[in-house]
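Okay, here's what each chain looks like letter by letter:
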Amino acid sequence: MKWILLLLLTDVVVQTSAKTVGQLDDDKKGCGKDKACLETLKAYRTREVLERIIEQLPGAPISDAAVQIDPELRKMYVDFYEDERHKNSDFNRQDVDTYFYSAKDPFDGEDSSQMVAMFDVTQDLEKKYEILEAKLMVSTTLPTYSRNILDDVRVQVFEKNRDNSLGELVKTQSFRITGGERITIDLPVGAAKRWFESSGSFHGIFVSAMLEQHNIAVHPQQETKDSEKMILQLSLRNKEFVGQSTNSTLRRSRRSPSAAICATSQPSEGCCLYDLIVEFNKIGWDWVIAPPRYNAFMCRGQCEKNAHHLLNDFGHARIMRAANSIYSVANMDLTSLGLCCHASEFDYLKVIYLNQQGVINVANLNGMVANRCGCS
């Protein structure tokens, strides 16, 4: 069923070009050595991207239109993604898995007088080695008279014991708040480890954010919509990467393509890397939350124009390299060699998505960004 849906979606992409095959044959700038039109090449690359997503996210709700997310909550995750991708943070590391947990009411609504947030993370921690980062995202609700005023608020996070008494104060942080905005609190990693890696008296957490004698922090017992949910973000380092240097390429932020990028408005005749924007909402994949769009890049052009610079070190290209040492490939007629312009190096893409159970997940998807083109 997923593959049928994928084919239907990409057929729509393929049909976006209004040109006929004859017209495209005449459009030398828009076609490669096999005269495949630009729109067809875009559709092929887009289809390749979608296939790779389906292969790597078997639990994604490809055909489930019922899986929805609150628009305000979606915006929060998109904003978070954009903020983190420009930082050298743990979120950008390929060896780190990020999880988001919505707070639960341990009393299941039976005792609304007790403000406490509980997070069920044990199953995920059993698979991982260590917690690298912990953040708490808290919604606030201000009194009507104070919603348009910039207020200084001192926020405190307490542990809450199983007998509902307040436990240790684990974090104090100050914020300037206007309106009912969401705040993000950096939690001590040591406290998070103590909470979730042991079975002590820890029951949950209580957040105090006092303004005019009112606690404006929204707890599970008070939330009225999904966008008010208290959310815990944990960054967990995978066991298989333990012992590797954090200064290695695993810690790098998303890198830029290593090959020169050509503009569609001024295309190169040779094999070159071009922009290709994939927009998930336009193909009906609203379950992909962030990024809502990204540059997958694509390779196109005629290899006979610059193959001597782009030959790969395998197969047919290796033979051509050997020939270069004897005849100088630059002076040979490459039109009959059957070389194909294609992506030869890829990078991963980190995505935030909604699974079939309506749970927010984060995944590193391999082969999603073309970084370099080659001829073979």
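Residues numbered from 1 in each chain as written. Predicted model: local features only at pLDDT ≥ 70, side-chain atom pairs only at ≥ 80, totals over all residues. Heavy atoms only, no water.

Engineer: What should I look at first to understand the overall build of the protein chain in this one?
Structural biologist: Check the secondary structure of the protein chain and you find 8 helices and 16 strands. Across the 376 residues that make up the protein chain, the buried fraction comes to 47%. Here the protein chain has roughly 19200 Å² of accessible surface; of this, 48% comes from carbon and sulfur atoms. (Helix = DSSP H or I, 4+ residues; strand = E, 2+ residues; numbered from the N terminus. Buried < 20%, exposed > 50% of the residue type's maximum accessible area, 1.4 Å probe, protein only. Areas by Shrake-Rupley, 256 points an atom, 1.4 Å probe, with all protein chains shown as cover.)

Engineer: Hey, could you run me through the confidence of the model for the protein chain in this one?
Structural biologist: Detailed reading of the predicted model is not advised wherever pLDDT is low. Chain-level statistics for the protein chain give a pLDDT mean of 77 and a share of 69% at 70 or above. Below a pLDDT of 50 lies the segment residues 246-254, which in the model reaches 21 contacts outside its immediate sequence neighbourhood of four places, other chains included. The model gives residues 312-317 a pLDDT under 50, and that stretch makes 17 contacts with residues more than four places away or in other chains. (pLDDT = per-residue confidence, 0-100. Contact = heavy atoms within 4.5 Å.)

Engineer: Just checking my understanding: could you explain the sheet that holds strand E7 (residues 214-215) for this structure?
Structural biologist: The strand order across the open sheet formed by 4 strands is E4-E3-E6-E7, and the pairing between neighbours is antiparallel. Two strands close off the open sheet at either side, each with one partner strand: strand E4 (166-177) and E7. Helix H6 (residues 189-196) rests against strand E3 (151-161), E4 and strand E6 (202-211) of the sheet, and its axis sits at about 135 degrees to E4. (Pairing = 2+ DSSP bridges. Axes fitted to C-alpha atoms, helices over the stretch in contact; angles between N-to-C directions.)

Engineer: Looking at this structure, how should I read empty space enclosed by the protein?
Structural biologist: One water molecule sets the probe size; rolling that probe over the atoms shows where empty space is left. One pass over the structure, following the stated rule, counts 2 cavities of 30 Å³ or more. Empty space within the second largest cavity amounts to approximately 30 Å³. Lining the second largest cavity are Ile53, Leu57, Phe280, Trp287, Val288, Val351, Tyr353 and Leu365. Grouping the amino acids of the lining of the second largest cavity by side-chain chemistry returns 8 nonpolar, no polar and no charged. (1 Å grid on protein atoms, 1.4 Å probe; cavity = no way out; pocket = protein on both sides within 12 Å on 5 of 7 lines; lining within 4 Å. Points joined across faces, edges and corners; volume = space filled by probe spheres on them. Nonpolar A, V, L, I, M, F, W, Y, C, P; charged D, E, K, R; others polar.)

Engineer: Mind showing me how you'd approach the sheet that holds strand E10 (residues 272-274) here?
Structural biologist: Through backbone hydrogen bonds, the strands of a sheet pair up, either in parallel or in antiparallel fashion. Read from one edge to the other, the open sheet built from 3 strands follows the order E9-E10-E14, with strand pairing classed as mixed. A single partner strand is all that each edge strand has here, and the edge strands are strand E9 (261-262) and strand E14 (298-300). Judged from the 3 bridges that link them, E10 and E14 form a sheet pairing that is antiparallel. Bridge assignment links leucine 273 to a residue of E14, and that residue is cysteine 299.

Engineer: Before we go on, may I ask you to explain the state of the cysteines in this structure?
Structural biologist: Under the defined criterion, the tally for this structure stands at 4 disulfides. Here cysteine 299 pairs with cysteine 373 through a disulfide, and the sulfurs are 2.1 Å apart. Because the sign of the S-S torsion sets the handedness, a value of about -90 degrees for the bond joining cysteine 299 and cysteine 373 places this disulfide among the left-handed ones. Here cysteine 299 is found in strand E14, whereas its partner cysteine 373 is found in strand E16 (residues 360-375), with 74 residues between them in sequence. For cysteine 373, a relative accessible area of 5% translates into the label buried. Bridging cysteine 303 to cysteine 375, the disulfide has an S-S length of 2.1 Å. In this structure, the disulfide formed by cysteine 303 and cysteine 375 twists by about -90 degrees around the S-S bond and is classed as left-handed. (Disulfide = S-S within 2.5 Å.)

Engineer: Any chance you could explain the layout of surface pockets here in plain terms?
Structural biologist: Put simply, the second largest pocket is a space of about 560 Å³. Breaking the lining of the second largest pocket down by element, the ones donating at least two residues are helix H4 (71-85), strand E2 (130-139) and strand E5 (182-187). In terms of residue count, H4 provides more of the lining of the second largest pocket than any other element does, 8 residues in total. Looking at the lining of the second largest pocket residue by residue, the classes come out as 5 nonpolar, 6 polar and 12 charged.

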